[in-house]
Amino acid sequence: MKKMKSAKIVVFLLTTVFLAGFFAVPSKAEEEKLTGKTAMEITQMMEKGWNLGNTFDATGGDSNNLYSQETSWGNPIVTKELIDGVRAAGFTTIRIPVTWNNHIDESNGYQIEEAFLNRINEVVDYAFDNDMFVILNTHHEEWVNDKNIHENYEEIGKELNAVWSQLADRFAEYDQHLIFEGMNEPRAVGMGYEWTGNQACYDAVNYLDQVFVDCIRSNGKGYNAERALMVPGYAASSNPTVLNSIQIPQYNGKDAENVIISVHCYSPYSFCLTDEQESFNPNNSQDTADITSLINNIKNLFLNHGIPVVMGECGATNTRDNVDARKSWFTFIGDITRENGIPAIVWDNGAKGNSGGECHNYFVRETGEQAYPELISAFIYGDPEANKPKDIFIDFEPYEEGGTTVLATPEQYGFTPKTLTKKAKINHSKDANVGFSAVIPNSEKNSYTTMDLSKFAGKTINVKLYLKSESQGTVTLGILENESRDMVTAQLDTAWTQITFSYQFGEDPCERALFFQGDGVDVFYIDDISITMVEAKDQYETQILKEGETTETTETPAAGESVEDDSVIGSADSETTILLSNSSSNEGGNTYKIIIIVCIIIILVGLTVAITFIVKKKAGKNSEK
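Since we're looking at a predicted model, the values are computed, not measured.

Parameters at a glance
Residues numbered from 1 in each chain as written. Predicted model: local features only at pLDDT ≥ 70, side-chain atom pairs only at ≥ 80, totals over all residues. Heavy atoms only, no water. Helix = DSSP H or I, 4+ residues; strand = E, 2+ residues; numbered from the N terminus. Buried < 20%, exposed > 50% of the residue type's maximum accessible area, 1.4 Å probe, protein only. Contact = heavy atoms within 4.5 Å. Areas by Shrake-Rupley, 256 points an atom, 1.4 Å probe, with all protein chains shown as cover. Pairing = 2+ DSSP bridges. 1 Å grid on protein atoms, 1.4 Å probe; cavity = no way out; pocket = protein on both sides within 12 Å on 5 of 7 lines; lining within 4 Å. Points joined across faces, edges and corners; volume = space filled by probe spheres on them. Nonpolar A, V, L, I, M, F, W, Y, C, P; charged D, E, K, R; others polar. Salt bridge = Lys/Arg side-chain N within 4 Å of Asp/Glu carboxyl O. Core = buried A, V, L, I, M, F, W, Y, C linked by side-chain atoms within 4.5 Å. Axes fitted to C-alpha atoms, helices over the stretch in contact; angles between N-to-C directions. Parallel < 35°, antiparallel > 145°, perpendicular 65-115°, else oblique. Left-handed = near helix turned anticlockwise from the far one by under 90°. Phe/Tyr/Trp six-rings, centres within 6.5 Å; stacked < 30°, edge-to-face > 60°. Lys NZ or Arg CZ within 6 Å of the ring centre and 35° of its normal. Polar contact = N/O pair within 3.5 Å; in protein donor to acceptor, adjacent residues only side chain to side chain. pLDDT = per-residue confidence, 0-100.

Caption draft 1: Summary view of the overall build of the chain. The number of helices and strands found in the chain is 14 helices and 28 strands. Out of the 625 residues belonging to the chain, those deemed buried represent 49%. Of all intrachain contacts in the chain linking residues separated by at least 6 positions in sequence, the fraction that spans at least 24 positions is 77%. As displayed, the chain offers around 29600 Å² of accessible surface, 50% of which is attributable to carbon and sulfur atoms.

Caption draft 2: Molecular detail of the pairing of strand 7 (residues 229–232). Of the two faces of strand 7, the one lined by L229 and V231 and the one lined by M230 and P232 are each fully buried. Relative to strand 7, strand 6 (residues 178–181) runs parallel, the two sharing two bridges. Pairing of E181 across the sheet is with M230, part of strand 7. Direction of pairing for strand 7 relative to strand 10 (residues 259–265): parallel, over a ladder of four bridges. Each residue of the ladder has a partner; that of P232, found in strand 10, is S262.

Caption draft 3: Fine view of the pairing of strand 22 (residues 460–469). In terms of residue burial, strand 22 counts as a mostly covered element, since 10 of its 10 residues are buried. When strand 22 meets strand 25 (residues 497–504), the two strands line up antiparallel, connected through eight bridges. Paired with I461 across the two strands is Y503, which belongs to strand 25. Pairing geometry for strand 22 and strand 27 (residues 523–534), over nine bridges, is antiparallel. Its bridge partner lying in strand 27, K464 is registered against S530.

Caption draft 4: Representation of empty space enclosed by the protein within the structure. With the rule as written, the count across this model stands at one cavity of 30 Å³ or more. Space inside the largest cavity adds up to approximately 30 Å³. Along its surface, the largest cavity is lined by F91, F330, V346, Y362, L375, I376 and F379. In terms of residues, the lining of the largest cavity owes the most to one element, helix 12 (residues 373–381), which gives three residues. For the lining of the largest cavity, the residue count by class is seven nonpolar, no polar and no charged.

Caption draft 5: Up close: the pattern of salt bridges. Counted under the stated rule, the structure contains 15 salt bridges. Salt-bridge contacts for R170 lead to E114; the nearest nitrogen and oxygen are separated by 3.2 Å. Within this pair, whereas R170 is found in helix 6 (residues 149–170), its partner E114 is found in helix 5 (residues 114–129), the two being separated by 56 residues in sequence. Across the pair R320 and E278 runs a salt bridge, and its minimum N-O distance is 2.7 Å. Separated by 42 residues along the polypeptide, R320 in the loop between strand 11 (309–314) and helix 11 (323–339) and E278 in the loop between helix 9 (269–272) and helix 10 (285–301) bring together distant segments of the chain. Residue classification places R320 among the partly exposed residues on the basis of a relative accessible area of 45%. Classification of E278 by relative accessible area gives partly exposed; the value is 38%. Via salt bridges that share partners, E70, R119 and E122 belong to a single interconnected network.

Caption draft 6: Molecular detail of the nonpolar core. Counting 99 residues, the largest nonpolar core has F91, I96, W100 and W329 as the members making the most contacts within it. Those residues within four positions of F91 in sequence are excluded, and the remaining contacts are K48, G49, W50, V86, M132, V346, F363, I376, F379 and I380. Core analysis: the next-biggest nonpolar cluster, separate from the first, contains 28 residues, L467, F501, F505 and I529 among them.

Caption draft 7: Focus on the packing of helix 6 against helix 7 (residues 199–217). Interhelical geometry of helix 6 versus helix 7 gives an angle of 20 degrees and a closest axis separation of 9 Å. Between helix 6 and helix 7, the interaxial angle falls into the category roughly parallel. Two packed elements cross with a definite hand, and for helix 6 against helix 7 that hand is right-handed. On helix 7, the residues touching I149, H150, Y153, E154, I156, G157, L160, N161, W164, S165 and A168 of helix 6 are A200, C201, A204, V205, Y207, L208, V211, F212, C215 and I216. Each residue belonging to the contact of helix 6 with helix 7 can be placed in one class, and the counts come to 16 nonpolar, four polar and one charged.

Caption draft 8: Local environment of the packing of aromatic side chains. Per the stated rule, a full pass over the model turns up 16 aromatic pairs. Between Y153 and Y207 the ring centres are 5.0 Å apart and the planes differ by 65 degrees, which places this aromatic pair in the edge-to-face class. Highlighted residues: Y153 in helix 6 and Y207 in helix 7, separated in sequence by 54 residues. The interplanar angle of 45 degrees and the centroid separation of 5.0 Å between the aromatic rings of W164 and F180 together place this pair among those described as tilted. Residue W164 is located in helix 6, and its partner F180 is located in strand 6; the two are separated by 16 residues in the primary sequence. Note on accessibility: W164 and F180 belong to one class, buried. Just above the ring of F379 sits the side chain of K48; from NZ or CZ to the centre is 5.7 Å. Over the ring of F180 we find R227, and its NZ or CZ is 4.8 Å from the ring centre.

Caption draft 9: Here's a closer look at the environment of A228. Structurally, the position occupied by A228 is in the loop between helix 7 and strand 7. Sequence separation between A228 and F180 is 48 residues, and the spatial gap between their C-alpha atoms is 6.7 Å.

Caption draft 10: Spatial organisation of the side chain of N121. In this structure, N121 sits in helix 5. Looking at N121, the relative accessible area reads 9%, which means it is buried. Every residue in contact with N121, bar those within four places of it in the chain, is listed here: R170, F171 and Y174.

Caption draft 11: Fine view of the side chain of S68. Looking at where S68 falls in the secondary structure, it is placed in helix 3 (residues 68–71). Of the polar contacts made by the side chain of S68, one reaches the backbone nitrogen of D62; its length is 2.7 Å. Among residues more than four places away in sequence, those in contact with S68 are G61 and D62.

Caption draft 12: Region of interest: unusual backbone geometry. Following S267, the chain continues to P268 via a peptide bond in cis, the omega torsion being -5 degrees. Checked against the element boundaries, P268 lands in the loop between strand 10 and helix 9. Despite not being glycine, A235 has its phi angle at roughly 60 degrees, a positive value. Of note, A235 is situated in the loop between strand 7 and helix 8 (240–245). Notably, N258 is not glycine yet its phi reads approximately 55 degrees, a positive angle. Relative accessible area serves as the criterion here: at 14%, N258 is assigned to the buried category.

Caption draft 13: Looking closely at the confidence of the model for the chain. Per-residue pLDDT for the chain averages 80, and the proportion of residues at 70 or more is 73%. Segment residues 1–28: pLDDT under 50, and 24 contacts once partners within four positions in sequence are set aside and those in other chains are kept. Note that residues 429–433 has pLDDT below 50 and, in this model, eight contacts with residues that lie over four places away or in other chains.

Printed below as a string of structure tokens:
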């Protein structure tokens, strides 16, 4: 009997181990890491974020109690359920403000208390488990916000370097999803110019930003050489003078790479941080002027020069439950930052009141439920009608407008040259019959031209376009979704070739684009691009057609759209039709996987029965003896 039990146990363990290996979820170390991205690419992936405010940045409590500081400003202990709820609401970035001051041992080289560091690490992991971007900073540090910051910046720099050296070591193996923010709002606390500063203060903050960047870049461990680093101006102010004062830190004799400018926005101040103004009208320039001015300054000073910006804090206080007005504000700030590629991160301090100017509560901290889902939705997604993905119909030929011939440019439709060498470019031809030309250097295999399709996340599209080249050759085109490419090659010559295909996008935030890459073709021409979004009804009809084994390719225009007139370019000399989908291959793979699993289970059950039979037979013989 014991032998039979042992045999069953062996078979059970073998079965468990085998199936566990088959179904094993790769650990973070085994998954593909986010690496090789520029800071600009990272900011385009971050989208909207949420601040875990008045928690680890609190300054009260007993330093001998691990959770005392975390709860000292009225918020509960942070749970995984809270972070899961933040991700489920649609946020893709979380900023974790931390005040390290109470846990730094100045007498021991500014060592950070291990238990507190472990607790921060635990919450960072909550966010990483949700595939979120994480911003980790130093927040209400008394030693940074020195009233004499303009005089004591070198001493401050020593402690800043010591603290960030430890954090760089601790989180070295965390990939580019983790972003370091050197300081929060460095300023001369208590001085009359605390929030405006002066040139000496601006210089001091630039010095400290340089210390921070030098510290991380010289660390030499893990992903720190490419980690995105956020640096603020004085007080992280949106004041034009402060923005103009920011100097990009240097490294190896040039502007440091992967640096992001951090700026905060609570505008208009009377609406966002006081109870003076209860209403907000997005159509009233008096209400929107400060925001639009800030965005224009950000564009002119940074974005237009390839320097990314993150709005690390923004928000509007609850003033006598003015939910509708706040919804208008969140829609406006959400839309304008989205349109300009600026990740915006709402400030949440957990304060549930409706007066006093500091009531920024958006989640039930104990459960992770949304306290104001309408405000969160307005911030992340904006006006559903205004921001609904639109079908794109493009004809690059000149058109008449007000008696003047207007030449449409590829840039108007999101076309961008991308290359490691920056040699790729797009030329628009004045010849109405050739569309625009994409010039791709033959020798640069990493050169390609893309058209931004980020607005179609979670949607299915039908694409139709025409291509030709100056000589015979090949052009690769298809869909770029994050780092994955679904491609088709087209043989081109001097005649127009029609290309049509469909693609179903995933819903996760990532880069999405239509791309073109020459291979043996230096110059090719693109014209009459038609991209139609397939609604749910159309997807259902397409599925019915598949089941009926209809082999014809059917393009159904979106509701309200007329069928495109191809007479502009005449009849195509040839046509290529392809179907790209990010789901069909997965369905096939899942089917095979299920079959394999069933076979394995049958084999293992058979082995169990066989071994049991053999053991019983032997046991019978032994009993006869």
